[in-house]
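Read off the chains here:
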Amino acid sequence: MLTESENQFLTRVGPGTPMGNLLRRYWIPVLQSADLPENDGAPLRVRLLCENLVAFRNTDGQVGLMDHACPHRCASLFFGRNEENGLRCLYHGWKFDVQGRCVDVPNEPPGSKFNEQIRITAYPCAEKNGVIWTYMGPNRDNPPPLPELGWAMVEPKQRGALRYQRACNWFQAMEGDFDSSHLSFLHLAFDPKLQNTANEKKAGIEYYRNIARMDQQPLLDVRDTDLGVMYGARRNADEGKFYWRITQFMLPFYTSVPGFGGKNRDKVWVPLDDEHTMVWEPHWSTTRELSEEEQKGWKDRVPPSGFVPDTDDWLGRARFAADAGNDYFLDREKQKHSNFSGLENVTPIQDAAMQESMGPICDRTREHLGASDAAIVRLRRRLMNAAKELHQHKQVPPGVENPALYHKHGDQMLLEEKDSWSEHYAAKMKADYASP
């Protein structure tokens, strides 16, 4: 359980907040290149860390991300003309380049240099392998290197690219992915094909998932890392072996659980504001191009009800049709006979129903945590300590200056009783990220 002040410290990410300051020290994936498909194309509204911004691709193909409010009379630059390497406000024609410099004030007298005094808040962007990143921290003229996350280092055709919104605070959404215990309950299906005894399944993803469903009391071994927190969740398997499910949290908002189908996977929990989160679900292969279906990332992740149409609103993209307004299409008959939740049989919807039902920002003063929450407790403390170290001692947060620390992802393995899961895992990551 946290105090009210600790909960506020943990969850609030607006400008000037300790947690917001921490997140702004890291590069943030904000868009995919395909979101801005053409030079001089239509600008996009972007809400990020409680700031309302506008993104555009200029004549030369560079990406700009700036405050949406024109510094002249505060009209929104979303309506602006994207032309000749700048975004021009419709109200009086003031124009800004991707660095935020005012390059033209056509309603001022001839020869005026008034524009040289004007600068709009703009954040540097970097585009690599189909992902657009932004840096919102200090020293924007000399930002840190991009993180070397596995999915961000491969070409777009080797990566799935699913994104969806969650209508709640980023941290309660991220906590859900760092919790191994709920797999045995929330995501339990009653299909007999998925509920056979463990030794009747072949070694593979369904075999491992079945063990997680069957053993409801995993033994957690939680450890701090140089970049966050990881833990191994041990469950009993057949023939005296143990199934270890290794989960990673990497600062500031990355989690990684075991992959599937020969691919690795991460999740990215990007706060749009204090009450809305954009969830990125990259899964990737280092050895092959993925099929078009795999690149889309919908299989087993997007429910039959699908998405509602995108709009140009600040929160208008990547919203599931199943939401709080329709109780996520809860079916009580399905709950009796088909699956534990009674919801559509994809985990993002099941997770959303639980996480959003806590309210926009969970009141953690009401919690009663047990042994199965050990990883959650460590995650909270690790993140708050990093923010405090930055706030109080100006200490550079972990990973900011060492992008290779991100050479890790979630994994799973069957081991003998005397085997060290952490040693086997370390060897696996070293091999997976070895230079070619």
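Provided above is the structure to which this section pertains.
The structure displayed is predicted, hence computed values, not measured ones.

Caption draft 1: Structural context of the nonpolar core. Counting residues in hydrophobic clusters, the biggest one holds 89 residues, and the most contacted among them are Met 19 and Leu 383. Here the element with the most residues in this core is helix H8 (residues 374-393); it accounts for eight residues. When sequence neighbours within four positions are dropped, the list of residues in contact with Leu 383 reads Leu 10, Met 19, Leu 22, Trp 170, Phe 171, Met 174, Phe 249, Leu 251 and Pro 252.

Caption draft 2: Structural context of unusual backbone geometry. In this model, Leu 251 is joined to Pro 252 through a cis peptide bond whose omega is 0°. One can find Pro 252 in the loop between strand S14 (242-250) and strand S15 (254-256). The phi angle at Tyr 328 is positive, at roughly 55°, despite the residue not being glycine. Note that Tyr 328 resides in the loop between helix H5 (292-296) and helix H6 (332-337). For Phe 329, which is not glycine, the phi torsion reads 55° and is therefore positive. Inspection of the secondary structure assignment puts Phe 329 in the loop between H5 and H6.

Caption draft 3: Spatial organisation of the sheet that holds strand S6 (residues 87-88). Pairing is antiparallel across the open sheet formed by four strands, whose spatial order is S5-S6-S7-S8. This sheet does not close on itself; its edge strands, each paired only once, are strand S5 (81-82) and strand S8 (102-104).

Caption draft 4: Fine view of the pattern of salt bridges. For the coordinates displayed, the defined rule picks out 24 salt bridges. Residues Glu 51 and Arg 24 are paired through a salt bridge, measuring 3.0 Å at the closest nitrogen-oxygen approach. Here the residue Glu 51 occupies a position in strand S3 (residues 51-57), and Arg 24 occupies one in the loop between helix H2 (18-23) and strand S1 (27-32), the gap between them amounting to 27 residues. Neither residue differs from the other here; Glu 51 and Arg 24 are each classed as buried. Across the salt bridge formed by Arg 380 and Glu 175, the nearest N and O atoms sit 2.4 Å from each other. Placement of Arg 380 in helix H8 and of Glu 175 in helix H3 (residues 170-177) is noted, with a sequence separation of 205 residues between them. The pair Arg 380 / Glu 175 is uniform in exposure class, with both members buried. Via salt bridges that share partners, Arg 81, Glu 83, Arg 88 and Asp 104 belong to a single interconnected network.

Analysis parameters
Numbers given for residues are sequential positions, taken from 1 along each chain in its written order. Under the rules for a predicted model, residues below a pLDDT of 70 receive no local features and side-chain atom pairs below 80 are neither given nor counted, while totals for whole chains, interfaces and linings still include all residues. Side-chain measures here rest on the full set of heavy atoms in the structure, leaving out hydrogens and waters. Grouping buried Ala, Val, Leu, Ile, Met, Phe, Trp, Tyr and Cys residues that are joined through side-chain atoms within 4.5 Å yields what is termed a nonpolar core. When a residue's accessible area, from a 1.4 Å probe over protein chains only, is under 20% of the maximum for its type it is buried; when over 50% it is exposed; and in between it is partly exposed. Secondary structure follows DSSP: runs of H or I at least 4 residues long count as helices, runs of E at least 2 residues long count as strands, and numbering of each begins at the N terminus. Two residues form a contact once any of their heavy atoms are found within 4.5 Å. Strand pairing is assigned whenever DSSP detects at least two bridges linking the two strands. By convention in these notes, a salt bridge is any Lys or Arg side-chain nitrogen within 4 Å of a carboxyl oxygen on Asp or Glu.

In short, geometric facts, not functional conclusions.
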